[in-house]
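Architecture and fold: a report
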Amino acid sequence: MKQTISMHEPRTLLRPAALFLGGIAVLTASSWVAVPMVPVPVTMQTLAVLLVGALAGPRFGFAMIVFWLGLAALGAPVLSEGKAGIAAFVGPTAGYLLAFPVVGYLAGLGVKTVMTGHVSRFAGFLALHGLILLTGWAWLATIIGAREAFAAGVAPFLIGALIKSGLGAAIMAAFDRVK
């Protein structure tokens, strides 16, 4: 006879809740690892967004990222340099922030389908970094112009995207070994 576990049992809900809060904590901590730059700081947020999506899965990772951004919108100082409130979603960093849930979802989907090896994960993470930079650039271009936006909001982040994509692929490889 097969035994089923009710989702209403505390044990069943504890693990997902702990993982959810852990994801929020990782996203917040990654925001505080920052090199202040104008108009967009360099942080570890993009790496955390990729890993939360990749490790938690597309829907759960998406939910964590949206919740974290919701906390920021409500005024919690969870973004880089303690930024919070609606201003973060209309200022220079808005395009990057709005790309995060989509990228987290795609990272989760990617590791389940096409990003199964080290090289494909690196390439996938690099492409997803490119998507973040593209959306960030598009928004920033409406504020300061296309060339200025590329110079200030894309070019300084290309090396970081390369390094963080490699680091993300290496972290995923470490998780593969633990399974």
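Refer to the structure printed above.
All values reported here derive from a predicted model rather than from experimental measurement. (Residues numbered from 1 in each chain as written. Predicted model: local features only at pLDDT ≥ 70, side-chain atom pairs only at ≥ 80, totals over all residues. Heavy atoms only, no water.)

This part takes up the layout of surface pockets. Reported here for the largest pocket is a volume of approximately 230 Å³. If you go around the largest pocket, the residues you meet are Leu19, Gly22, Gly23, Val26, Leu51, Val52, Leu55, Ala56, Phe60, Met64 and Phe175. Contributing elements (two or more residues each) for the lining of the largest pocket: α1 (10-32), α2 (45-56) and α3 (58-73). Considering only residue class, the lining of the largest pocket consists of nine nonpolar, two polar and no charged. (1 Å grid on protein atoms, 1.4 Å probe; cavity = no way out; pocket = protein on both sides within 12 Å on 5 of 7 lines; lining within 4 Å. Points joined across faces, edges and corners; volume = space filled by probe spheres on them. Helix = DSSP H or I, 4+ residues; strand = E, 2+ residues; numbered from the N terminus. Nonpolar A, V, L, I, M, F, W, Y, C, P; charged D, E, K, R; others polar.)

If you check helix α7 (residues 158-178), its first and last C-alpha atoms are 31 Å apart, about what 21 residues at 1.5 Å a residue would give, namely 30 Å. Of the positions making up α7, those classed as buried are Ala161, Lys164, Ser165, Gly168, Ala169, Met172 and Ala173. As for α7, its buried residues are in contact with β2 (42-43), α2, α4 (94-112) and α5 (118-144). (Expected span 1.5 Å × (residues − 1). Buried < 20%, exposed > 50% of the residue type's maximum accessible area, 1.4 Å probe, protein only. Contact = heavy atoms within 4.5 Å.)

Glancing now at empty space enclosed by the protein. Considering all chains together, one arrives at one cavity of 30 Å³ or more under this definition. One number sums up the size of the largest cavity: a volume of about 270 Å³. Around the largest cavity, the lining is made up of 21 residues, and of these Val40, Pro41, Thr43, Gln45 and Tyr96 lie nearest the centre. Residue assignment for the lining of the largest cavity shows that the elements contributing at least two residues are β2, α2, α4, α5 and α7. Looking at the lining of the largest cavity residue by residue, the class counts come to 12 nonpolar, seven polar and two charged.

What follows deals with the pattern of salt bridges. A complete count under the given rule lists two salt bridges for this structure. One salt bridge in this structure joins Glu81 and Lys83, with 3.3 Å as the shortest N-O distance. One salt bridge connects Arg121 with Asp176, and the closest N-O pair in it is separated by 2.6 Å. Of this pair, Arg121 sits in helix α5 while Asp176 sits in helix α7, placing them 55 residues apart in sequence. Residue Arg121 is classed as buried on the basis of its relative accessible area, which comes to 6%. Asp176 sits in the partly exposed class, given a relative accessible area of 28%. (Salt bridge = Lys/Arg side-chain N within 4 Å of Asp/Glu carboxyl O.)

Moving on, we get to the packing of aromatic side chains. The description of two aromatic rings rests on the distance between their centres and on the angle between their planes. Across all of its chains, the model carries five aromatic pairs by this definition. Here Phe20 and Phe60 contribute two aromatic rings whose centre-to-centre distance is 5.8 Å and whose plane-to-plane angle is 50 degrees, an arrangement assigned as tilted. Of this pair, Phe20 sits in helix α1 while Phe60 is found in helix α3, placing the two residues 40 residues apart along the sequence. On the basis of relative accessible area, Phe60 is assigned to the partly exposed category, the value being 29%. Seen in terms of ring centroids, Phe62 and Tyr105 are 6.4 Å apart; in terms of plane orientation they differ by 85 degrees. Their pairing is edge-to-face. Note that Phe62 is positioned in helix α3 and Tyr105 in helix α4, a separation of 43 residues in sequence. When its relative accessible area of 33% is taken as the criterion, Tyr105 is described as partly exposed. The structure contains a cluster of three or more aromatic residues connected by ring pairs, namely Phe20, Phe60 and Phe67. (Phe/Tyr/Trp six-rings, centres within 6.5 Å; stacked < 30°, edge-to-face > 60°.)

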